[in-house]
Amino acid sequence: MSPHMESSAISKPLINLLRGWPNPSLLSVQLFDKATHRVLTNKANAIPGMLYGPDEGDARLRKGVASWLTSFYSASKPITEDRIAVSGGASQAIANILQVYTDPIYTRNVWLVSPSYMLVFRIFEDSGFAHKLRAVPSEDDEGIDIDFLRAQIRMSEEKAIQDGITEPHLKPQRPWAKVYKHIIYAVPTFSNPTSKTMTLQKREDLVRLAREYDALIICDDVYDFLQWPSSLHATNLSRDKAALPRIVDVDRYLDGGTKRPGADGFGNSLSNGSFSKISGPGLRTGWVEGTENFAYGVAQTGSSRSGGAPSHLTATFVAETLESGELQRYVYETLQPTYGRRYQKMVGAINKELIPLGVELPQTERDVVGGYFIWLTLPHPLKGSLVTKRAEEENLIVAPGQIFEVPGDNADIHFERDLRLCFAWEEEDKLVEGIERLASCIRRLQSEGGGEPLSPAAEAEMHKRLVGVRS
Ligand SMILES: Cc1ncc(COP(=O)(O)O)c(C=O)c1O
């Protein structure tokens, strides 16, 4: 037994603030009980649902998503279903997009706003980008360091020219697709892991930069609908309207939009949407929104041409919940208030227990907050890995900042002093106790002057274990 482990800790119930899943009580089981019955007892929907579906995905779902997005983002021009391709969820969609729109030799780099969602790394690696992942800092309160990214992209372009990489090597020319020179990955709203939201100015700057360098911005917009006021007393914030346009919306209107003279019609951004966080991850259903050309190209990926869009039958169930308006009501009337309450409990406990110890939170001045996570920066000299280790001894699981560092990148962008906490998974009545346990670990480490650092091997083993890597 570790000298730090108290015998009482072993009997404490587990509190898991790492897992980024919805609590089981928040899965829309009843909605789907009714929707599946309605679909399967109506031959007009059941039979096409059980057959191969269209490459672009279920028509009713595309229409339902397009109409919800038009209203939620207050789009100046309606978002039509031609802009939507149904996906098997956000993760699967990225894999498809990389198949169609990248070439691991010609596409110079994947630039990830960092810290980044840790499970996205392998999706890029599987598509041949293991040695081309690069971190872009998001430390300031605006969500991305554009000047850093511009300088790095310029250098990457110079290198590609020196290396004589002037055209795609592995992908044939196809009329429905193109190959982008750069990929930029971001979670611009209520980010995983930092919960930060990128400002409108940065969204515009990023679109301009992407156009200049033929980059595709992949935005995981999977938390946008989960929003609430930062203060319990705010009254004037809308539940059913987003506070900011997405990057894909900015691309549509900025400086003449995606149809401006000289543009190729594919656009420089996409919105990767998902029903995982607003309905249930087991649905494995989502959507990609981009220009009409872009969405068509996604639907032309070989596996969709052969089998139709992924998750087809499930898509027909989701379509039913959207057409009846039940899913939208579920998000606004159940999920937003429940997640909002969970968030307030956790932030309340952080303010009481952790801020006095010197812990810091990002973007504290926001009116609207949301998503699943809270990012904490520990006071010097504490390290996230050691706090995580001590927390395990208290039967508390948290995520150290280092697991969100871009692998293989030698840029000096590290998150050794940070932790990510999730308020979505654990039972609501354990959230405050989780923070209290964390506070007692931090206090003890502070009394030891920061504690004995973990060896690099112990640190690596713990990180692998936390991200679920078998070796
Ligand atoms: C930023 C981000 N992208 C993608 C996903 C996974 O989405 P999906 O279940 O739709 O594949 C998650 C889930 O945690 C996420 O946080």
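No experiment lies behind these values; they were computed from the predicted model shown.

Reading guide: rules and limits
Residues numbered from 1 in each chain as written. Predicted model: local features only at pLDDT ≥ 70, side-chain atom pairs only at ≥ 80, totals over all residues. Heavy atoms only, no water. Helix = DSSP H or I, 4+ residues; strand = E, 2+ residues; numbered from the N terminus. Rg over C-alpha atoms; globule rule 2.2 N^0.38 Å. Buried < 20%, exposed > 50% of the residue type's maximum accessible area, 1.4 Å probe, protein only. Contact = heavy atoms within 4.5 Å. Areas by Shrake-Rupley, 256 points an atom, 1.4 Å probe, with all protein chains shown as cover. Lys, Arg positive; Asp, Glu negative; His and termini not counted. Charge placed at Lys NZ, Arg CZ, Asp CG, Glu CD. Near = heavy atom within 4 Å. Polar contact = N/O pair within 3.5 Å; in protein donor to acceptor, adjacent residues only side chain to side chain. 1 Å grid on protein atoms, 1.4 Å probe; cavity = no way out; pocket = protein on both sides within 12 Å on 5 of 7 lines; lining within 4 Å. Sits in = over half its atoms within 2 Å of the grid points. Nonpolar A, V, L, I, M, F, W, Y, C, P; charged D, E, K, R; others polar. Pairing = 2+ DSSP bridges. Domains from an automatic or database assignment. Buried area = accessible area lost by both parts, 1.4 Å probe. Salt bridge = Lys/Arg side-chain N within 4 Å of Asp/Glu carboxyl O. Expected span 1.5 Å × (residues − 1).

A. Representation of the overall build of the protein within the structure. Along the protein, the regular secondary structure elements total 16 helices and 14 strands. Its C-alpha atoms give the protein a radius of gyration of 23 Å, within 12% of the compact-globule value 23 Å for 471 residues. In terms of principal-axis extent, the alpha carbons of the protein reach across some 65 × 60 × 45 Å. Taken across its 471 residues, the protein has 56% of its residues classed as buried. Restricting to contacts in the protein with at least 6 residues of sequence separation, those with at least 24 account for 81%. By element, 53% of the accessible surface of the protein is carried by carbon and sulfur atoms, the whole surface being about 19,900 Å². Distance from the positive charge centre (53 side chains) to the negative charge centre (60 side chains) of the protein: 4 Å.

B. Broad picture of the site of the ligand. Taken together, 14 residues lie near the ligand, and S91, D220, Y223, S274 and S276 sit nearest. A distance of 2.7 Å separates an oxygen atom of the ligand from a polar backbone atom of A90. K277 is positioned with one of its side-chain polar atoms (N or O) 2.8 Å from an oxygen atom of the ligand. Protein coverage of the free-state accessible area of the ligand, which is 400 Å², stands at 93%. The site holding the ligand turns out to be the largest pocket. Partitioning the shell around the ligand into residue classes produces six nonpolar, five polar and three charged.

C. Highlighting the sheet that holds strand β13 (residues 399-400). Strands sit in the order β11-β14-β13 across an open sheet of three strands; the sheet is antiparallel. The sheet terminates laterally at β11 (373-377) and β13, the two strands that pair on one side only. Pairing analysis gives two bridges linking β13 to strand β14 (residues 418-422), with the strands arranged antiparallel. Along β14, the bridge assignment pairs P400 with L419.

D. Focus on the domain arrangement of the protein. Each assigned domain of the protein is listed here: domain 1 (7-20 + 328-466) and domain 2 (32-324). A C-alpha centroid distance of 28 Å is found between domain 1 and domain 2. Residue-level contacts link 34 residues of domain 1 with 44 residues of domain 2. Taking both sides of the interface into account, the surface hidden between domain 1 and domain 2 amounts to around 3,700 Å²; carbon and sulfur atoms contribute 60%. Counting across the interface, domain 1 meets domain 2 through zero salt bridges. Summed over the shared surface of domain 1 and domain 2, the number is 18 residue pairs in polar contact (both at pLDDT 80 or more). Secondary structure elements with two or more residues in the side of domain 1 that touches domain 2: α13 (326-354), β10 (368-370) and β11.

E. Region of interest: helix α12 (residues 312-323). For α12, which comprises 12 residues, the first-to-last C-alpha distance of 16 Å matches the rise-based estimate of 16 Å (1.5 Å per residue) to within 8%. Within α12, nine of the 12 residues are buried, leaving the element largely enclosed by the surrounding structure. Among all positions of α12, only H312, A315, T316, F317, V318, A319, E320, T321 and L322 are buried. Immediately downstream of α12, the backbone of G325 shows phi near 80°, a positive value.

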